[in-house]
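The chain contents come next:
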Amino acid sequence: MTDLKKNTIEVCFSPKLFPDRLTKENYIVVIVDILRATTSICTAFKNGVKAIIPVATIEEAYEYKKKGYIIASERDGKVTDFADFGNSAFNFTVERVKGKTIIYSTTNGTQAIEMAKSAKNVVIGSFINLKSLTEWLVKHNKNVVILCAGWKNKFNLEDSIFAGVLVENLLKYPIFKINCDSASAALDLWKLAKTDLLGFIEKAAHRHRLKKLGLDDVLEYSFTLNTSDVVPVLDDKIIKDVNNNSENL
Ligand code: 3SL
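What counts, and at which threshold
Residues numbered from 1 in each chain as written. Predicted model: local features only at pLDDT ≥ 70, side-chain atom pairs only at ≥ 80, totals over all residues. Heavy atoms only, no water. Buried < 20%, exposed > 50% of the residue type's maximum accessible area, 1.4 Å probe, protein only. Helix = DSSP H or I, 4+ residues; strand = E, 2+ residues; numbered from the N terminus. Contact = heavy atoms within 4.5 Å. Near = heavy atom within 4 Å. Polar contact = N/O pair within 3.5 Å; in protein donor to acceptor, adjacent residues only side chain to side chain. Areas by Shrake-Rupley, 256 points an atom, 1.4 Å probe, with all protein chains shown as cover. 1 Å grid on protein atoms, 1.4 Å probe; cavity = no way out; pocket = protein on both sides within 12 Å on 5 of 7 lines; lining within 4 Å. Sits in = over half its atoms within 2 Å of the grid points. Nonpolar A, V, L, I, M, F, W, Y, C, P; charged D, E, K, R; others polar. Salt bridge = Lys/Arg side-chain N within 4 Å of Asp/Glu carboxyl O. Core = buried A, V, L, I, M, F, W, Y, C linked by side-chain atoms within 4.5 Å. Points joined across faces, edges and corners; volume = space filled by probe spheres on them. Axes fitted to C-alpha atoms, helices over the stretch in contact; angles between N-to-C directions. Parallel < 35°, antiparallel > 145°, perpendicular 65-115°, else oblique. Left-handed = near helix turned anticlockwise from the far one by under 90°.

Things to note about helix H5 (residues 130-140)
- Every buried residue of H5 is accounted for by Leu-130, Ser-132, Leu-133, Thr-134, Trp-136, Leu-137 and Val-138.
- Looking at the buried residues of H5, the elements they touch are strand S2 (27-32), strand S7 (121-125), strand S8 (143-148), helix H6 (157-170), strand S9 (176-178) and strand S10 (232-235).
- Phi turns positive, to about 55°, at Asn-141, one or two residues after H5.

Concerning the site of the ligand
- The full set close to the ligand counts 14 residues, and Asp-33, Arg-36, Thr-106, Asn-108 and Gly-109 are the nearest of them.
- Between the ligand and Leu-35 there is a distance of 3.4 Å, counted from an oxygen atom to a backbone nitrogen or oxygen.
- Here Ala-37 contributes a backbone N or O atom positioned 3.0 Å from an oxygen atom of the ligand.
- Protein coverage of the free-state accessible area of the ligand, which is 290 Å², stands at 100%.
- Counting atoms within 2 Å of the grid points, the majority share of the ligand lands in the largest cavity.
- For the shell around the ligand, the residue count by class is four nonpolar, seven polar and three charged.

Observations concerning unusual backbone geometry
- A cis amide bond, omega 5°, links Leu-35 with the succeeding residue Arg-36.
- Within the secondary structure, Arg-36 is located in the loop between S2 and helix H1 (37-46).

Notes on the pattern of salt bridges
- Overall, the coordinates contain eight salt bridges when judged by the stated rule.
- In this structure, the salt-bridge partner of Lys-65 is Asp-84, at a minimum N-O distance of 3.5 Å. Remark: Asp-84 occurs in the loop between strand S5 (78-79) and helix H3 (94-97) and Lys-65 occurs in helix H2 (residues 58-66); sequence separation between them is 19 residues.
- In this structure, Lys-194 and Glu-168 form a salt bridge, with 3.3 Å as the shortest nitrogen-oxygen distance. Taken together, the positions of Lys-194 in the loop between helix H7 (181-193) and helix H8 (197-201) and Glu-168 in helix H6 put the pair 26 residues apart, joining distant regions of the chain.

Re the nonpolar core
- With 43 residues, the main nonpolar core has Leu-137 and Ile-161 as its most contacted residues.
- Where this core is concerned, the elements lending two or more residues are strand S1 (7-12), S2, H5, S8, H6, H7 and H8.
- Of the residues forming this core, the biggest block, eight residues, is contributed by H6.
- Aside from chain neighbours lying at most four places away, what touches Ile-161 is Phe-127, Leu-189, Trp-190, Ala-193, Leu-197, Phe-200 and Ile-201.
- The next biggest cluster of nonpolar side chains, apart from the first, holds 35 residues, and it includes Cys-42, Ala-72, Ile-113 and Leu-234.

Examining the side chain of Ser-40
- Tracing the sequence through the fold places Ser-40 in helix H1.
- Contact partners of Ser-40, with chain neighbours within four places excluded, come to Asn-87, Ser-88, Ala-89, Phe-92 and Tyr-104.

Considerations on empty space enclosed by the protein
- Across all of its chains, the model carries one cavity of 30 Å³ or more by this definition.
- The computed volume of the largest cavity comes to approximately 80 Å³.
- Forming the boundary of the largest cavity are 13 residues, of which Leu-35, Glu-74, Asn-87, Trp-151 and His-206 lie nearest the centre.
- The class makeup of the residues in the lining of the largest cavity is four nonpolar, six polar and three charged.

As for the packing of H6 against H7
- Look at H6 against H7: their axes get within 7 Å of each other, and the N-to-C directions meet at 100°. The orientation of H6 relative to H7 falls into the category roughly perpendicular. In this structure, H6 contributes Leu-157, Ser-160, Ile-161, Ala-163, Gly-164, Val-165, Val-167 and Glu-168 to the contact, and H7 contributes Ala-183, Ala-186, Leu-187, Leu-189, Trp-190, Lys-191 and Ala-193.
- Taken together, the residues of the contact of H6 with H7 break down into 11 nonpolar, two polar and two charged.

Here we look at the packing of H5 against H6
- Where H5 meets H6, the closest approach of the two axes is 10 Å, and the angle between their N-to-C directions is 50°. The orientation of H5 with respect to H6, classified from their angle, is oblique. Our pair here, H5 against H6, has a crossing hand that is right-handed. On the side of H5, the interface is formed by Leu-130, Leu-133, Thr-134, Leu-137 and Val-138, while H6 contributes Phe-162, Val-165, Leu-166, Asn-169 and Leu-170.
- When the residues that make up the contact of H5 with H6 are grouped by side-chain class, the tally is eight nonpolar, two polar and no charged.

Okay, here's the thing in structure tokens:
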């Protein structure tokens with residue numbers, strides 16, 4: 001009997017570990033920034049945003065502002081002075097985003113997207129779209145690289161735990177296998193955290209950064225699984241939801 005050729009799963013715990021060679025052709029890169037960029041992007045699509053254009057720098061965002069675009073941006077959690085709103089998932093309301101194109105720039109999340117943009121396939125992951133993301137990855141049947149945005153190139157718990165649950169979900173399908181210890185480590189971390197996710201996240205540095213800024217109201221929302229079926233995919237510098245037609249909202 002011939003062995004089924006399996007797709008590999010790897011995790012980059014920090015953008016510094018993101019190896020360019022793993023992203024060509026038969027790879028999909030999943031960008032993860034649970035607190036808060038990728039949770040916010042998923043929320044924006046859930047609430048009917050037409051498209052999100054991620055930009056790496058505040059200067060680029062400002063150029064778009066001058067052209068009349070809506071800007072959502074932050075640095076170190078604080079809303080950029082010229083932005084229309086910041087980076088809380090709760091900012092991306094139906095009233096604000098439905099049918100609109102939003103320019104988006106954040107401390108780590110949009111930097112990770114920028115790094116990955118030369119990859120053939122880039123998709124946005126969060127706890128809130130875990131199921132639809134998993135189904136989309138299974139359907140596309142390619143190797144998966146999970147890129148954790150982390151914090152300024154450091155490891156963080158929240159993105160790594162999400163990487164673990166995504167590995168667990170993918171391994172339910174015989175088309176995937178782990179070929180790097182990073183995926184096993186993420187899976188173990190998830191198993192440690194999953195019985196009390198919010199309790200475990202008390203150890204996370206960014207949880208406390210957000211608390212100091214009074215921005216931690218999104219915690220429970222960000223760690224609730226499968227509240228949305230969006231699949232935001234980067235296509236030629238623009239993110240769109242390939243799972244839904246926002247006009248139907
Ligand atoms: O770094 C990011 O991309 C942000 O998600 C960080 S913050 O939660 O907005 O501070």
